[in-house]
Amino acid sequence: MFSDLAEQLLIREQQGLKRYRSILESPQSTHVTIDGHAYLSFSSNDYLGLASHPVLVQSVCQGAQLYGVGSGASHLVNGHSTAHHLLEEALAQFTGFSEALLFSTGYMANIGVVTALVGRNDAIFADKLNHASLNDAAILSRAQLIRYPHFDLLTLERRLIASKAKRKLIITDAVFSMDGDVAPVENLVKLCNKYNAMLLLDDAHGFGVLGRNGRGILFTSEKRIESVRTALHASNIIYMATLGKAAGVFGAFVAASSEIIATLIQAAKSYIYTTASPPILAHILLKSLQLIEQDNWRRERLFQLIKQLKDAMRTLRWRLLPSNTPIQPLLIGDTKEAMRISQNLKSQGILVPAIRPPTVPRNTARLRISLSASHRDEDIARLASALQNTNAA
Ligand SMILES: *Cc1c(COP(=O)(O)O)cnc(C)c1O
């Protein structure tokens, strides 16, 4: 058995698919120290530069004094603290839903929501490029899993029509994590209403970044806000977002109607059978939410940088995938080539991860450039010129 594992590992390595960890020795930021070397980094999901923000760092001490460091119990026993409660109220208000529920991670939130809402006689309709946590959630739920090609709503509609399932749940990334493109929310909501389905929107990469004051995907246009408001009335939308990306800390939440949140509290096992996250995190996140809401300049800066990057990448041999979010993938294709370029950049002191199968489809290996509001103009220029040099090599 163990020689079988060794063989599998060797195959991974030979295919250039073996993954390694390096050690981050500085706080997460656009300029980091890894394994003793300084790098300019385009590899975190810290889109607003909040992960090491002084205001948040300061609130750690206050949070610890108020709440201690550990929750000591699950939410349903006695680990549900004032800090969790306040943050849930603030998140519900911010996102416009009746209620919100905190989960320890986004992975656990997706697992919890999907398994609590659908089961054996039900069907899940899932975009082919969804995040792994949504796929795993679907499998664990035992509902029939029906996948549709990326953004192909005609196929989705045909499959909804053909389905005899008791409950129907559409699950999708709102901003696709390896592509940066944005799901067609209004049309998904329309389909949900027409075929009496629920919609789980995973806005891990949109929350804090997109929409009015960073409220996320549902607030990106007046038309969208209107269509969602109508649907909210019918309460078939479940909004999920993580708090370890733009929010800069850790955790996740689900916002939905009171009925859905009440159901999750009773039935989401990844909520019930796990220790509540440290209340100190919720305390920091309350501050982080204030910064997200107040400081529009961070988002403005981020979108300015996105434009600057696109301009700077125009003359390269490779093309950026179409994306208007801080996830800007440079499509390379071949896995080893993507690895080579990523390594080459690293040797020039620039960190851009190569994303390989099975995270992305075969022959679509890419460099996932992710931008942060803390990047400087000269950081973008440096990346562009390093890529130009790689180009010539
Ligand atoms: C990161 C991510 C998650 C998981 O969230 P964690 O809090 O990191 O567990 C879920 N869905 C998507 C789309 C993500 O990008």
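- Going by what an unreviewed UniProt entry lists, the protein is known as 8-amino-7-oxononanoate synthase and is assigned to Nitrosomonas aestuarii.
- Under Cofactor (unreviewed entry), UniProt gives the following word-for-word description of the protein: "pyridoxal 5'-phosphate".
- Listed under Catalytic activity (unreviewed entry) in UniProt, the entry text for the protein is "6-carboxyhexanoyl-[ACP] + L-alanine + H(+) = (8S)-8-amino-7-oxononanoate + holo-[ACP] + CO2".

## Some points on the pairing of strand S7 (residues 198–202)
Remark: a regular strand shows side chains that alternate across the two faces of the sheet.
Turning to step 1, where the next piece is worked out: Within S7, five of the five residues are buried, which leaves it mostly tucked inside the rest of the structure.
Turning to step 2, where the next piece is worked out: Because side chains alternate across S7, one face comprises the buried residues Met198, Leu200 and Asp202, and the other comprises Leu199 and Leu201, equally buried.
Turning to step 3, where the next piece is worked out: In this sheet, S7 lies alongside strand S6 (residues 168–173) in parallel orientation, the contact comprising five bridges. Bridge pairing in S7 links Thr172 to Leu201.

## Notes on unusual backbone geometry
Turning to step 1, where the next piece is worked out: Here the residue pair Pro357 and Pro358 is connected by a cis peptide bond, since its omega of 10° sits within 30 degrees of zero.
Turning to step 2, where the next piece is worked out: Mapped onto the fold, Pro358 is located in the loop between strand S13 (354–355) and strand S14 (365–370).
Turning to step 3, where the next piece is worked out: Within the chain, Phe151 stands out as a residue other than glycine whose phi angle is a positive 65°.
Turning to step 4, where the next piece is worked out: Its location among the elements puts Phe151 in the loop between strand S5 (144–148) and helix H7 (153–162).
Turning to step 5, where the next piece is worked out: With a relative accessible area of 27%, Phe151 lands in the partly exposed category.

## So, the site of the ligand
Turning to step 1, where the next piece is worked out: The immediate surroundings of the ligand are formed by 14 residues, with Gly106, Tyr107, Asp202, His205 and Lys245 found nearest.
Turning to step 2, where the next piece is worked out: One of the backbone nitrogen or oxygen atoms of Tyr107 is found 3.0 Å away from an oxygen atom of the ligand.
Turning to step 3, where the next piece is worked out: Side-chain polar atom of Asp202 to a nitrogen atom of the ligand: 2.5 Å apart, as the coordinates give it.
Turning to step 4, where the next piece is worked out: Here the shell around the ligand takes three residues from helix H5 (residues 106–117), the largest share from any one element.
Turning to step 5, where the next piece is worked out: Residue composition of the shell around the ligand, by class: two nonpolar, nine polar and three charged.

## A word on the sheet that holds strand S10 (residues 319–320)
Turning to step 1, where the next piece is worked out: In spatial order, the strands read S10-S11-S14-S13; together these four strands make up an open sheet with antiparallel pairing. Looking along the sheet, the strands with just one partner apiece sit at the ends: S10 and S13.
Turning to step 2, where the next piece is worked out: Strand direction decides the pairing type here: strand S11 (residues 327–333) and S14, joined by six bridges, are antiparallel. Bridge assignment links Leu330 to a residue of S14, and that residue is Leu367.
Turning to step 3, where the next piece is worked out: Against the sheet, helix H14 (residues 335–347) makes contact with S11, S13 and S14, and its axis sits at roughly 35° relative to S14, the strand it touches most.

## Some points on the UniProt feature "binding site: substrate" (unreviewed entry) in the protein
Turning to step 1, where the next piece is worked out: Look at the UniProt record and you will see "binding site: substrate" (unreviewed entry) annotated at Arg19, His131 and Thr359. As for the largest pocket, its lining draws on Arg19, His131 and Thr359 from among the annotated residues.
Turning to step 2, where the next piece is worked out: Within the secondary structure, Arg19 sits in the loop between helix H1 (2–14) and strand S1 (31–34).
Turning to step 3, where the next piece is worked out: Under the relative-accessibility criterion, Arg19 is labelled partly exposed at 47%.

## Overview of the packing of aromatic side chains
Turning to step 1, where the next piece is worked out: Applying the stated criterion to the full structure yields six aromatic pairs.
Turning to step 2, where the next piece is worked out: For the ring pair Phe207 and Phe253, a centre distance of 5.2 Å and an interplane angle of 70° mean the geometry is edge-to-face. Taken together, the residues Phe207 in the loop between S7 and helix H9 (222–234) and Phe253 in strand S9 (residues 252–256) connect sequence positions 46 residues apart.
Turning to step 3, where the next piece is worked out: Pairwise contacts between aromatic rings join Phe94, Phe97, Phe207, Tyr239 and Phe253 into one cluster.

## With respect to the pairing of S14
Turning to step 1, where the next piece is worked out: With six of six residues buried, S14 is to be regarded as a mostly interior element.
Turning to step 2, where the next piece is worked out: Examined bridge by bridge, S13 and S14 share two bridges and lie antiparallel to one another. When the bridges of S14 are listed, Ala354 appears paired with Leu367.

## Some words on the sheet that holds S6
Turning to step 1, where the next piece is worked out: With mixed pairing, the seven strands of this open sheet are ordered in space as S3-S9-S8-S7-S6-S4-S5. Looking along the sheet, the strands with just one partner apiece sit at the ends: strand S3 (99–103) and S5. Direction aside, neighbouring strands of the sheet carry axes that sit 20° apart on average.
Turning to step 2, where the next piece is worked out: Here five bridges tie strand S4 (residues 123–127) to S5, and the two strands are oriented parallel to one another. From the neighbouring strand, Phe125 faces S5, where its bridge partner is Ile146.
Turning to step 3, where the next piece is worked out: Against the sheet, helix H4 (residues 82–95) engages S3, strand S8 (237–242) and S9, with an angle of about 130° to S3.
Turning to step 4, where the next piece is worked out: Lying on the sheet, H5 is in contact with S3, S4, S6, S7, S8 and S9; it crosses S8 at an angle near 160°.

Cut-offs used in this document
For every chain, the first residue of its written sequence is number 1, and the numbers climb from 1 along that sequence. Given that the model is predicted, a residue must reach a pLDDT of at least 70 before its local features are reported, and side-chain atom pairs must reach 80 or more before they are shown or counted; all residues, however, enter totals for whole chains, interfaces and linings. With hydrogens and water excluded, all non-hydrogen atoms of the structure serve as input to the side-chain values. UniProt positions are given in the numbering used here, feature names are shortened, and annotations may be inferred rather than shown by experiment. Partly exposed residues are those whose accessible area sits between 20% and 50% of the maximum for their type, while under 20% is buried and over 50% is exposed, using a 1.4 Å probe and protein chains only. Starting at the N terminus, helices and strands are each numbered in turn, a helix being any DSSP run of H or I of at least four residues and a strand any DSSP run of E of at least two. Here the rule is simple: two strands pair whenever DSSP picks up at least two bridges between them. Nearness is judged by heavy atoms alone; a residue qualifies as near a molecule or strand once a single heavy atom is within 4 Å of it. Contacts described as polar in this section are N or O atom pairs within 3.5 Å, which, within protein, must combine one atom able to donate a hydrogen with one able to accept it, while residues neighboring in sequence count only if both atoms come from side chains. Three residue categories are used. Nonpolar comprises Ala, Val, Leu, Ile, Met, Phe, Trp, Tyr, Cys and Pro, charged comprises Asp, Glu, Lys and Arg, and polar comprises the others, including Gly. In this analysis, two residues are considered to be in contact whenever any of their non-hydrogen atoms come within 4.5 Å of each other. Note on geometry: axes are lines fitted to C-alpha atoms, helical ones only across the stretch in contact, with angles between N-to-C directions running from 0 to 180 degrees. Put plainly, a pocket is an open set of points on a 1 Å grid over the protein atoms alone with protein on both sides within 12 Å along at least five of seven lines, a cavity is a set where a 1.4 Å probe fits but cannot get out, and a lining residue has an atom within 4 Å of a point. The pairing test for Phe, Tyr and Trp rings, Trp by its six-membered ring, is centres within 6.5 Å, and the orientation test on the planes gives stacked under 30 degrees, edge-to-face over 60, and tilted for anything in between.

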